[in-house]
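# Analysis of the macromolecular model
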Amino acid sequence: MHHPAPDTALRHKTRPSWLRAAAVALAIAPAAARAEDPAPAAAAQPAQAAAPQALETHVGLIYRPQPAPSSYDAEAAPEDEGLAGAKMGIADNNTTGRFTKQTYVLDEVALTDDKPDAVAAAKELIGKGVRYLVLALPADAVLAVADAVKDTGAVVLNAGAPDDRLRGAECRANVFHILPSRAMLTDALAQYLTVMRWRKLFLIVGPTDADKAYADAMRNSARKFALKITAEKPWTFGPLAKARGDTPTRAEAMVFTRGLDYDMAIVADEEGDWGDYVPYRTVDPRPVGGTQALTPTTWSPVLETWGAAQAQNRFRRLASRLMRPLDYQVWAAVRTVGEAVTAKKTNDPAVIAPYLVEPGFTLPAYKGVPLSFRPWDHQLRQAIIVVQPKALVSVAPEQGFLHQRTPLDTLGVDLPETTCKFK
């Protein structure tokens, strides 16, 4: 065992008391000085990250409420169609925002006969500082708004216009398309028909421009997937699906399908005026699909997988009704903003818009796979469900349809075929 030298031990024992007190005072003084002077303490401690600043993001919605039907219509669009989806999207964004110090606010504008101008509504929202505009409007209104706000840096999210021209020759750099294009919808149906080997089609085309656009998309899909349109006729019997009682016209419509060789009738009736009349009334027993009967769509109350049942229930609690496709599309638009702002920690559209087309951005949206935007036309890639009124029938892309990037790009216009040159 080590023992201190005798003289050292003696010195410790014989040190004067005043010397010991002075030593103690010298030891305490620096500590006291450090306690009183905060600057050296701050320098001595490692810098701590600043607490995140609260971030508030306003999302604008411009929509046109559907008028109430003059008589009973079980399929009439609810007055808050689209708006209810936006409210659920804002609620979902704010659920995440509680953990990231982000809040989201919805600024909605309903277009009416007294306030019909979508461009004026958009400028009003821009004037309030809103930089994200969700549009549940027709194609021409989407283009008008996009051009009017082009110089403001605002991001326009198209939730209501399926027109392929918005993704093609008339595409805009500040517009991102949430809902599927008509080409994506008809490609989904064509893939299912290919799997089922129902290759011969009878195309029935309604009188409106939208009906004709849907028919054009179906013709392109038939060529793309080697289906054959063996017969095509215009619908000339009026809105029989909404008519009451039997008429001679009904009998004529039944004869309309006689003598044709086809596996499936495809109806192009986006207004829903007559398409529901065709099933079970064809002369020969044949299935019917297209805009009615067997339908490719972005959303349906029959979808329950991939967490969709929970979304359906949340929406029902919020809106006291079932979720419709437009509700889902507006919800997805609002959630797109929320996902991007959360990831980038800023709501600056100059940062968010480029990020939306980067590989790092994905949107979880109850479709079984993450969704992303195509850089060449700003279309949201997504699975398309094929449904009948009471059941899910299939999901496109179908198995076996492959693509070098993602099977989702087998639906709609691919990069080599695009005519989009952003303006």
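This section reports on the structure supplied with the text. Worth saying up front: this structure is predicted, and the values here are computed from it rather than measured.

Rules of the game
Residues numbered from 1 in each chain as written. Predicted model: local features only at pLDDT ≥ 70, side-chain atom pairs only at ≥ 80, totals over all residues. Heavy atoms only, no water. Helix = DSSP H or I, 4+ residues; strand = E, 2+ residues; numbered from the N terminus. Buried < 20%, exposed > 50% of the residue type's maximum accessible area, 1.4 Å probe, protein only. Contact = heavy atoms within 4.5 Å. Areas by Shrake-Rupley, 256 points an atom, 1.4 Å probe, with all protein chains shown as cover. Arc of directions from axis to C-beta. Polar contact = N/O pair within 3.5 Å; in protein donor to acceptor, adjacent residues only side chain to side chain. Phe/Tyr/Trp six-rings, centres within 6.5 Å; stacked < 30°, edge-to-face > 60°. Pairing = 2+ DSSP bridges. Right-handed = clockwise from strand over helix to strand, strands pointing away. Axes fitted to C-alpha atoms, helices over the stretch in contact; angles between N-to-C directions. Core = buried A, V, L, I, M, F, W, Y, C linked by side-chain atoms within 4.5 Å. Disulfide = S-S within 2.5 Å. Salt bridge = Lys/Arg side-chain N within 4 Å of Asp/Glu carboxyl O.

Right, let's talk about the overall build of the chain for a bit. Secondary structure summary: the chain contains 12 helices and 12 strands in total. Taking all 423 residues of the chain together, 46% fall into the buried category. When contacts within the chain are restricted to residue pairs at least 6 apart in sequence, long-range pairs at least 24 apart make up 68% of them. For the chain, the exposed area adds up to about 21,400 Å²; of that, 56% sits on carbon and sulfur atoms.

Another point: helix H12 (residues 349-356). When H12 is considered as a whole, its buried residues turn out to be Pro349, Ile352, Tyr355 and Leu356. The buried residues of H12 occupy an angular sector of 135 degrees when projected down its axis, which confines them to one face. Buried residues in H12 make contact with strand E3 (132-136), strand E4 (155-158), strand E5 (175-177) and helix H11 (325-344). Looking at where H12 begins, the residue whose side-chain oxygen comes 3.0 Å from the main-chain nitrogen of Ala350 is Asp348.

This paragraph deals with the packing of aromatic side chains. The geometry of two aromatic rings is summed up by the distance between their centres and the angle between their planes. Throughout the structure, instances matching the rule amount to 16 aromatic pairs. Ring centres 5.9 Å apart and planes at 35 degrees place the aromatic pair Phe202 and Phe256 in the tilted group. With a gap of 54 residues between them, Phe202 in strand E6 (residues 200-205) and Phe256 in the loop between helix H9 (248-255) and strand E8 (264-268) connect regions that are remote in the sequence. Of the two residues examined, Phe202 and Phe256, each falls in the buried class. Ring geometry for Trp299 and Tyr328: centres 4.5 Å apart, planes at 10 degrees, overall stacked.

Direction of pairing for E6 relative to strand E7 (residues 228-234): parallel, over a ladder of 6 bridges. By the bridge assignment for E7, Ile204 is matched with Lys233. In the classification by handedness, the crossover that spans E6, the intervening helix H8 (residues 209-224) and the parallel E7 is right-handed.

What follows concerns the environment of Val205. Of note, Val205 is situated in strand E6. The residues contacting Val205, other than those within four sequence positions of it, are Asp211, Lys212, Ala215, Arg219, Glu232, Lys233, Pro234, Trp235, Ala268 and Trp274.

What follows covers the environment of Gly85. The residue Gly85 is located in helix H4 (residues 83-100) in this model. Gly85 sits in the buried class, given a relative accessible area of 0%. Here the alpha-carbon distance between Gly85 and Val330, two residues 245 residues apart in the chain, equals 5.6 Å.

Another aspect to go through is the sheet that holds E6. Spatially, the 4 strands line up as an open sheet ordered E7-E6-E8-E9, and their pairing is parallel. Where the open sheet ends on each side, the last strands, each with one partner, are E7 and strand E9 (288-290). Adjacent strand axes in the sheet meet at a mean angle of 30 degrees, parallel and antiparallel pairs treated alike. The sheet contact formed by E8 and E9 spans 3 bridges and is parallel. Directly across from Val267, in E9, lies its bridge partner Gly290. Its contacts with the sheet place helix H7 (residues 182-196) against E6, E8 and E9, and it is angled at close to 175 degrees to E8.

Moving on: the side chain of Arg381. Inspection of the secondary structure puts Arg381 in the loop between H12 and strand E11 (384-388). Polar contacts involving the side chain of Arg381 include one to the side chain of Asp409, which spans 2.8 Å. In contact with Arg381, other than residues within four places in its own chain, are Leu371, Ser372, Phe373, Arg374, Pro375, Trp376, Arg405, Thr406, Leu408 and Asp409.

A separate point is the nonpolar core. Buried together is how nonpolar side chains tend to be arranged in soluble globular proteins. Judged by nonpolar contacts, the single largest core of 48 residues is most densely connected at Leu61, Val134, Leu157 and Val330. Looking at this core element by element, the count peaks at 10 residues for H11. Ignoring any residue separated from it by four or fewer positions in sequence, one finds Leu61 in contact with Gly82, Leu83, Ala86, Leu106, Asp107, Glu108, Val109, Val134 and Val330. Ala118, Val130, Leu133 and Leu135 belong to the second-largest nonpolar core, a separate cluster that totals 24 residues.

Evaluated as defined, the whole model comprises 1 disulfide. Across a sulfur-sulfur distance of 2.1 Å, Cys171 and Cys420 are joined as a disulfide pair. On the S-S bond that ties Cys171 to Cys420, the torsion sits near 95 degrees, and the link is right-handed. In this pair, Cys171 sits in the loop between E4 and E5 while Cys420 sits in the segment after strand E12 (391-396), placing the two residues 249 residues apart along the sequence. On the basis of relative accessible area, Cys171 is assigned to the buried category, the value being 0%. What makes Cys420 buried here is its relative accessible area of 11%.

Scanning the model with the defined rule gives 21 salt bridges in all. With its nearest N and O atoms 2.7 Å apart, the salt bridge here joins Glu270 to Arg182. With Glu270 in the loop between E8 and E9 and Arg182 in helix H7, this residue pair connects regions lying 88 residues apart in the sequence. Assessed through its relative accessible area of 32%, Glu270 is described here as partly exposed. When its relative accessible area of 4% is taken as the criterion, Arg182 is described as buried. Residues Asp187 and Lys224 are paired through a salt bridge, measuring 2.7 Å at the closest nitrogen-oxygen approach. Pair noted here: Asp187 is in helix H7 and Lys224 is in helix H8, with a separation of 37 residues, a long-range link.

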